[in-house]
Structures are given as structure tokens and as C-alpha cells.
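One letter stands for each residue in the lines below.
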Amino acid sequence: MLDTPKAARRTPVLPAGTGGIVSPLPPADRFVLRLRGFSGTAGGFDLSGTLNTARGTPERFAARLGPDEWLLVMPEGEGATARAALESDLSGRFFSLVEAGHRNVGIAVTGPNAADVLNAGIALDLSDAAFPQGSATRTLLGKADVVVVRLGAGFRVECWRSFAPYVSGFLAEVAQEFA
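Residues numbered from 1 in each chain as written. Predicted model: local features only at pLDDT ≥ 70, side-chain atom pairs only at ≥ 80, totals over all residues. Heavy atoms only, no water.

1. Observations regarding the overall build of the protein chain
- When helices and strands are tallied, the protein chain shows 4 helices and 12 strands.
- Taking all 179 residues of the protein chain together, 45% fall into the buried category.
- Here the contacts in the protein chain between residues at least 6 apart in sequence split such that 63% fall between residues at least 24 apart.
- As displayed, the protein chain has an accessible area near 9,100 Å², and 57% of this comes from carbon and sulfur atoms. (Helix = DSSP H or I, 4+ residues; strand = E, 2+ residues; numbered from the N terminus. Buried < 20%, exposed > 50% of the residue type's maximum accessible area, 1.4 Å probe, protein only. Contact = heavy atoms within 4.5 Å. Areas by Shrake-Rupley, 256 points an atom, 1.4 Å probe, with all protein chains shown as cover.)

2. A look at the side chain of Thr139
- Tracing the chain through its elements places Thr139 in strand β10 (residues 135-141).
- A relative accessible area of 14% means that Thr139 is categorised as buried.

3. Section: helix α2 (residues 79-89)
- Within α2 the residues assigned to the buried category are Gly79, Ala82 and Leu86. Angular distribution of buried residues about the axis of α2 spans 65°; they occupy a single face of the element. When the buried face of α2 is taken as reference, the exposed residues oriented beyond 90 degrees from it are Ala80, Thr81 and Ser88.
- Looking at the buried residues of α2, the elements they touch are β2 (28-35), β3 (41-42), β4 (45-46), β7 (69-75) and β8 (95-99). (Arc of directions from axis to C-beta.)

4. Brief notes about the pattern of salt bridges
- Scanning all chains against the criterion turns up 8 salt bridges.
- Between Glu158 and Arg30 there is a salt bridge, with its nearest N and O atoms 2.5 Å apart. Here Glu158 is found in strand β12 (residues 155-160), whereas its partner Arg30 is found in strand β2, with 128 residues between them in sequence.
- Put simply, Glu87 and Arg83 hold a salt bridge, and the shortest N to O gap is 3.5 Å. Residue Glu87 and its partner Arg83 are both found in helix α2; the two are separated by 4 residues, about one turn of the helix.
- When salt bridges with common partners are traced through the structure, they connect Arg30, Arg156 and Glu158 into a single cluster. (Salt bridge = Lys/Arg side-chain N within 4 Å of Asp/Glu carboxyl O.)

5. Overview of the nonpolar core
- Residues Val109, Val117, Leu118, Phe155, Val167 and Leu171 are the most contacted members of the largest nonpolar core, which totals 24 residues.
- Taken together, the elements giving at least two residues each to this core come down to β9 (104-109), α3 (114-119), β11 (144-150), β12 and α4 (164-176).
- No other element matches the 5 residues that α4 contributes to this core.
- Those residues in contact with Val117 that lie beyond four places of it in its chain are Ile21, Val22, Val109, Leu171, Val174, Ala175 and Phe178.
- In terms of nonpolar packing, the next biggest core, distinct from the first, is built from 15 residues, Leu33, Ala42, Leu47 and Leu72 among them. (Core = buried A, V, L, I, M, F, W, Y, C linked by side-chain atoms within 4.5 Å.)

6. Comments concerning α4
- Across its 13 residues, α4 extends 18 Å between first and last C-alpha, which sits within 8% of the 18 Å expected from 1.5 Å per residue.
- Taken together, the buried positions of α4 are occupied by Ala164, Val167, Ser168, Leu171, Val174 and Ala175. All buried residues of α4 fall inside an arc of 135° around its axis, so they share one side. Set apart from the buried face of α4 by more than 90 degrees, the exposed residues are Glu173 and Gln176. (Expected span 1.5 Å × (residues − 1).)

Printed below as a string of C-alpha cells:
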């Protein structure tokens, strides 16, 4: 097994934020949890939400993306503690917990035109009525697979690190129209 240094896998792939509509989010620890027939709390995450919902805060949340799939996001450095707590709380159940912090990056899309900026590449209704606070979904933005989460102000876009320059560039170009 290769041991990748933490600094190497956390190398920024996006330019530093300028406080505009589109900005990179700080590094985070992430897990993909696969678990059937569970509704409750585990590892400090609320896993009771229905499909396409997110529970928690903008910095620490569980997004239910499928009948047995959650994306768990927490501030960088909390991953080991969260893993231990999840494994303890789910002891005796069949589950899969895969670390994905090195794979994804987060991008914030904020401001009064955030939904319009995202809708330039996402064919979903992201209005408050159709995609309210606590919503989450996996979708396409242009040609890239993304997860969109709405907790707090604006939206959080999670994408694979290799797609981040494309997704960020796409969103930044659209956001210029609203600046």
C-alpha cells in the first residue's frame, strides 16, 4: 500500500478565493458511507434524512445521495475521530466506509445569483421552493459529475479534484456575467 504524504494530497487545485460568487472551500475530510436499513445518528452524523437531503452544518454534514449512500464531510483533521466513532456506532452492521478527502474538493457558490450561476450548467430547478435548505443531489454541471448541497448561505459544489479546474472555471466565467 502506498503511503501518500498528507501535504501532497492536499495541494490546492483552485486559485485562492477573492470573496466573489465562486470561491474554493478549505480542505475537508470526506467519507462515502454505504449502509442499508439505517436511520439515526452515527459518528455524530444525522443519517435520518430522506433521499437528496443533507443534515448538519455547512462545515460538517451528511448528504444522502442514494438509498444506501451518504457523503460525509467534515473539517480537515476530524476524519480519524469520525471514522472511529462511525465504526463504533455501526458495529455489528454491514457497511462500507471509504475515505474520499483526497478525491474531492469543495467550491462555494454564494450571493443572490448563486442558483442562476449554477443553472448555467445544471438542468435542475435550484430555486428555494424546489431545492430548499437541506437539499443535496448528485448531478452534472456541464460535463462534470458534481454533488450540490444547500446548507447555510448559497451552495456547496463537491467535485472530483481532477474536474475542479473545469468546474471552477465554468462557474467563475458565468459568475462574471452577474458581477
